[in-house]
Amino acid sequence: MDWGLKNRLARMIKPSDGRSVMLACDHGYFMGPTRKLEVPRRTFEPLVPYADVLSVTRGVLRTSVDPSWDIPILLRVSGGTSVLQNDLSDEGLTVGMKDALRLNASAVSISIFVGTAHERQTLLNLAKLVDEGEDRGMPVMAITAVGKELEKRDARYLALACRIAAEIGAHVVKTYYCEGFSKVVEGCPVPLVVAGGPKLNTEADAFQLAYDALQAGAIGVDMGRNIWQNDHSVAMIKGIRAIVHEGATVKEASDVFDQSKGASIPA
Ligand code: 5RP
């Protein structure tokens, strides 16, 4: 791995503890102005001080992220479908490496759809991106997307998808937490982060997901809706941060949430 790629990765994953709180705000690329992300900057500006990485598309980066903010950018570079389709897997590359470099991205992210009609296409997109990333010093995150088929998220499927992503050369993989997650971690030779998925019933559920994923070997989260769809999004990210970087338990993270919530105005 060349120096530039290592340096970018070190911006994404904190060298002090090898962990990362990535704030996922890239949903609009296929969901449009989804709930609480209607005006992206309004959603993420208060959260950025507590995130290690901000995950966005180039359109949101250029329109809604202040270039002076000190936050590494994980740039979403795949897309081409919308929630109006039943099958979300027909993705291509939406941003060239030249623009990713011009935007000073610290890494690029791409979805792969293993087991779908577009499996081959999305895996070859990943391969192409990894070739370009290795050439230009840009880390690539593969996202084991399931589209609308949320029930696919079990250890057997996710272990398969994560391993394929790593074998093709992804430097980091984002996947979902599931029962038996340690099997997914064991079979994946590159760092794994977990998405939160649709908003869970309680804050404690989201903290539990992050806690269990970390216990099983994930190096962090790339979480969106469970943070910014919460009425107390700053309190929420503080609780997640406590789990990821301070080894907090679910109870301790809930205490962080309650204390911070007490001091904040609902969004
Ligand atoms: C959107 C994504 C999201 O970044 C990912 O799903 C994480 O967000 P959330 O925690 O809301 O699931 O890949 O396609």
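Residues numbered from 1 in each chain as written. Predicted model: local features only at pLDDT ≥ 70, side-chain atom pairs only at ≥ 80, totals over all residues.

**Thoughts on the overall build of the protein**
Then comes step 1: Looking only at helices and strands, the protein features 12 helices and 10 strands.
Then comes step 2: What you see for the protein is a C-alpha radius of gyration of 17 Å, in line with the 18 Å of a compact globule of 267 residues.
Then comes step 3: Taken along the three principal axes of its C-alpha coordinates, the protein extends 50 × 40 × 40 Å.
Then comes step 4: With 267 residues in all, the protein has 48% of them scored as buried.
Then comes step 5: By sequence separation, contacts in the protein at least 24 residues apart represent 67% of the contacts at least 6 residues apart. (Helix = DSSP H or I, 4+ residues; strand = E, 2+ residues; numbered from the N terminus. Rg over C-alpha atoms; globule rule 2.2 N^0.38 Å. Buried ≥ 20, exposed ≤ 12 C-beta atoms within 10 Å, placed from the backbone. Contact = placed C-beta atoms within 7 Å.)

**Observations concerning the site of the ligand**
Then comes step 1: Contacts to the ligand come from 13 residues, most closely from Ala 24, Ala 195, Gly 196, Gly 224 and Arg 225.
Then comes step 2: Going through the elements one at a time, β10 (220–223) and α10 (225–228) are the ones with two or more residues in the shell around the ligand.
Then comes step 3: Among the residues forming the shell around the ligand, the class breakdown is four nonpolar, six polar and three charged. (Near = placed C-beta within 6 Å. Nonpolar A, V, L, I, M, F, W, Y, C, P; charged D, E, K, R; others polar.)

**Focus: the nonpolar core**
Then comes step 1: Core analysis: the largest hydrophobic core is formed by 85 residues, its most contacted members being Leu 23 and Ala 210.
Then comes step 2: Other than its neighbours up to four places away in sequence, Ala 210 contacts Val 221, Ile 240, Ile 243 and Val 244. (Core = buried A, V, L, I, M, F, W, Y, C linked by C-beta atoms within 7 Å.)

**Describing unusual backbone geometry**
Then comes step 1: Of note, Lys 36 is a non-glycine position whose phi angle comes to about 75°, a positive value.
Then comes step 2: Tracing the backbone through its elements, the reader meets Lys 36 in the loop between α2 (28–31) and α3 (40–44).
Then comes step 3: In this structure, Asn 104 takes a positive phi of about 60° despite not being glycine.
Then comes step 4: Counting through the fold element by element, Asn 104 comes out in the loop between α5 (97–102) and β6 (107–112).
Then comes step 5: Residue Asn 104 is classed as exposed on the basis of its 12 C-beta neighbours within 10 Å.

**Looking at the sheet that holds β6**
Then comes step 1: Taking strand neighbours around the barrel as the criterion, the eight strands line up as β1-β2-β3-β6-β7-β8-β9-β10 in a closed arrangement whose pairing is parallel. Looking at each pair of strands side by side, their axes are set apart by 25° on average, direction ignored.
Then comes step 2: The pairing of strand β7 (residues 140–144) with strand β8 (residues 172–176) spans three bridges and is parallel. Bridging from a neighbouring strand, Met 141 pairs with Val 172 of β8. (Pairing = 2+ DSSP bridges. Axes fitted to C-alpha atoms, helices over the stretch in contact; angles between N-to-C directions.)

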